[in-house]
Amino acid sequence: MYLVLGITGHVGGSAARHLLEQGKRVRAMVRDEAKAAACSARGVELVNGEWQDSVALTKALEGVIGAYLMMPPTQAPSRDFREAKAVVESYQRALSKVLPSKLVVLSSMGSEKPDKRGAITATHLLEAARWKIATPIAFVRAGSFYENLAYGLQTGQGGVLPVFWSPTERKIPAIATEDIGAEVSKLLTTEWTGRRVIELGSMVSPNEIARELGVAIGKEVKAQAIPREAWAATLEGMGIPHGDTWAFEEMADSVNSGWIGFGVEDTERVGGTVTAKQFFLAAQKAHQQ
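Residues numbered from 1 in each chain as written. Predicted model: local features only at pLDDT ≥ 70, side-chain atom pairs only at ≥ 80, totals over all residues. Heavy atoms only, no water.

Peer 1: Got a minute to help me understand the packing of helix 3 (residues 54-61) against helix 4 (residues 82-95) in this structure?
Peer 2: In helix packing, the relevant descriptors are the interaxial angle and the interaxial distance, both defined with respect to the helix axes. Following both chains from N to C, one finds helix 3 and helix 4 inclined at 50°, their axes separated by 8 Å at the closest point. By the criterion of interaxial angle, the relationship of helix 3 to helix 4 is oblique. Helix-helix and strand crossings are classified by hand; for helix 3 and helix 4 the assignment is right-handed. Of helix 4, the residues touching helix 3 (which contributes Ser 54, Leu 57, Thr 58 and Leu 61) are Ser 90, Tyr 91, Arg 93, Ala 94 and Leu 95. Among the residues making up the contact of helix 3 with helix 4, the classes are represented as 5 nonpolar, 3 polar and 1 charged. (Axes fitted to C-alpha atoms, helices over the stretch in contact; angles between N-to-C directions. Helix = DSSP H or I, 4+ residues; strand = E, 2+ residues; numbered from the N terminus. Parallel < 35°, antiparallel > 145°, perpendicular 65-115°, else oblique. Left-handed = near helix turned anticlockwise from the far one by under 90°. Contact = heavy atoms within 4.5 Å. Nonpolar A, V, L, I, M, F, W, Y, C, P; charged D, E, K, R; others polar.)

Here you go:
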C-alpha cells in the first residue's frame, strides 16, 4: 500500500495512476471524498482528513510501504507562511508515530536558497524541517510546470504566449506534471537508501515553448515577456487577490535573475520526457472532450 497526497491534483493523480498501472495498492487522504469519486472507482482507498490534521495523517500512514508528501498549493500565502508551517508540523507529528519505509517529497527548484524565494518558501520549509527519521527520503525539486502555461491554448490563437520569464530566449527548468508523477512512482517502487535530492526537468526557453505551442495548435506563436510593471495587475486578473501577488513576483524575479534554477551541488538531475508540444496537444485534447 502506498499513500499519495494531492491525488485530485495533477502530480498526485499522475503518481497514483502510475502506481495503479503497476498493480500497486494506493491510499489517498482527501478533504472531499465526493471530489475523489473517480479515484475510488479506480480502486484507491480514501481516508478523509486535512493535511494539517496530524491525527488524520497518522491514520492515513498506517500500514503503507511508502508515502508521497507535498505542500498543498496556496495561491496567496501569508507573509509568515503559517499555512506551510502548519503542514510541516503535521507531517512531523504523524511521522513520529507512524513511519513508512520510504518517503518521496515534492519540492521545487530554489528550495535550497536562504532568501528571495517568494512562493517557493513553502517547499523550503518542507526541506528544512528537522526530519528526525531513519528512513530513505527523496526531495524532488521540480522545474516550472508546463501546466502553468495551459492558458497558451487560448492566447496562442492570437499568436502570443505571454510569460513572466525574461528574457524569453533564456532557458529555465520546465517539466510536465505527468513526468513528475512517473518519477514519484519510480522512487516509491525502487530500492535506494539515504537522503536524495533530485532536480527534475529539462532546460527550455519560453521562445522554444511558444514554438512548440504553435505546432500543437497550427499557428505561429511567439513568447512575449509581460512587462515587470504589469505583473501585479496581470496576476490579479488570473485570480490572485489584490495585494497578495508578492510571493509569485519575488519568485519570478529570482528565476529571471538566475538566483533560482538548476545545477545545485550534490543533487541528481533527471530530465523530462514530455515535450511542450506533447503537453499542449494532450491539454488541447482534454479540453475538447
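Having seen it, we continue.
Peer 1: Looking at this structure, how should I read the nonpolar core?
Peer 2: As a rule of thumb, soluble globular proteins bury nonpolar side chains together. One finds Leu 61, Tyr 68, Leu 69, Tyr 91 and Trp 131 to be the most contacted residues of the largest nonpolar core, which totals 60 residues. Of the residues forming this core, the biggest block, 6 residues, is contributed by helix 4. Leaving out residues up to four positions away in the same chain, Tyr 91 has contacts with Leu 5, Trp 51, Leu 57, Leu 69, Met 70, Leu 126 and Trp 131. Listed in part, the 33 residues of the second largest apolar core include Leu 153, Ala 223, Leu 235 and Met 251. (Core = buried A, V, L, I, M, F, W, Y, C linked by side-chain atoms within 4.5 Å. Buried < 20%, exposed > 50% of the residue type's maximum accessible area, 1.4 Å probe, protein only.)

Peer 1: Looking at this model, I keep getting lost on the packing of helix 8 (residues 206-217) against helix 11 (residues 276-288). Mind explaining?
Peer 2: For the pair helix 8 and helix 11, the least separation of the axes is 8 Å and the interaxial angle reads 40°. If you check the angle between helix 8 and helix 11, you find them oblique. Handedness of the helix 8/helix 11 crossing: right-handed. Packed against helix 8, whose contacting residues are Ile 209, Glu 212, Leu 213, Val 215, Ala 216 and Ile 217, the element helix 11 presents Ala 276, Lys 277, Phe 280, Leu 281 and Gln 284 at the interface. Partitioned by chemical class, the residues of the contact of helix 8 with helix 11 number 8 nonpolar, 1 polar and 2 charged.

Peer 1: Sorry, what's going on with the pairing of strand 2 (residues 26-30) here?
Peer 2: Residues in a regular strand point their side chains to alternate faces of the sheet. The buried fraction of strand 2 amounts to 5 of the 5 residues, a majority that puts the element mostly inside the structure. Neither face of strand 2 is exposed, since Val 26, Ala 28 and Val 30 on one face and Arg 27 and Met 29 on the opposite face are all buried. The pairing of strand 1 (residues 2-4) with strand 2 spans 2 bridges and is parallel. Residue pairing for strand 2: Leu 3 is matched across the bridge by Arg 27. Regarding topology, helix 1 (residues 10-21) serves as the crossover connection from strand 1 to the parallel strand 2, and that connection is right-handed. (Pairing = 2+ DSSP bridges. Right-handed = clockwise from strand over helix to strand, strands pointing away.)

Peer 1: Whenever I open this one, the sheet that holds strand 4 (residues 66-69) confuses me. Can you help?
Peer 2: The strand order across the open sheet built from 8 strands is 3-2-1-4-5-6-10-13, with neighbouring strands paired in parallel fashion. A strand with exactly one partner marks an edge of an open sheet, and here the two such strands are strand 3 (45-48) and strand 13 (268-270). On average, adjacent strands in this sheet sit at an angle of 25° to one another, irrespective of strand direction. Pairing geometry for strand 6 (residues 137-142) and strand 10 (residues 195-200), over 6 bridges, is parallel. Paired with Val 140 across the strands is Ile 198, a residue of strand 10. Strands in contact with helix 1 are strand 1, strand 2, strand 4 and strand 5 (102-108); relative to strand 1, the strand with the most contacts, it is inclined by about 155°. This element, helix 5 (residues 121-128), spans strand 5, strand 6 and strand 10 of the sheet and lies at about 150° to strand 5.

Peer 1: I would appreciate a short explanation of the side chain of Thr 168 in the present structure.
Peer 2: Tracing the chain through its elements places Thr 168 in the loop between strand 8 (160-163) and strand 9 (172-175). A polar atom in the side chain of Thr 168 sits 2.9 Å from the side chain of Asn 207. (Polar contact = N/O pair within 3.5 Å; in protein donor to acceptor, adjacent residues only side chain to side chain.)

Peer 1: I keep staring at the packing of aromatic side chains and nothing clicks. Help me out?
Peer 2: Within a pair of aromatic rings, the relevant descriptors are the distance that separates the centres and the angle that separates the planes. Applying the stated criterion across every chain, the model contains 6 aromatic pairs. Plain terms: the ring middles of Phe 164 and Phe 248 are 4.9 Å apart, the flat faces sit at 65° to each other, and that makes the pair edge-to-face. With Phe 164 in the loop between strand 8 and strand 9 and Phe 248 in helix 10 (residues 246-257), this residue pair connects regions lying 84 residues apart in the sequence. Judged by its relative accessible area of 21%, Phe 248 is partly exposed. Taken together, Phe 164, Trp 165, Trp 231 and Phe 248 form an aromatic cluster joined through their ring pairs. Against the face of Trp 259 rests Lys 113, its NZ or CZ located 4.1 Å from the ring centre. One cation-aromatic arrangement involves Lys 116 over Trp 259; the distance from NZ or CZ to the ring centre is 4.6 Å. (Phe/Tyr/Trp six-rings, centres within 6.5 Å; stacked < 30°, edge-to-face > 60°. Lys NZ or Arg CZ within 6 Å of the ring centre and 35° of its normal.)

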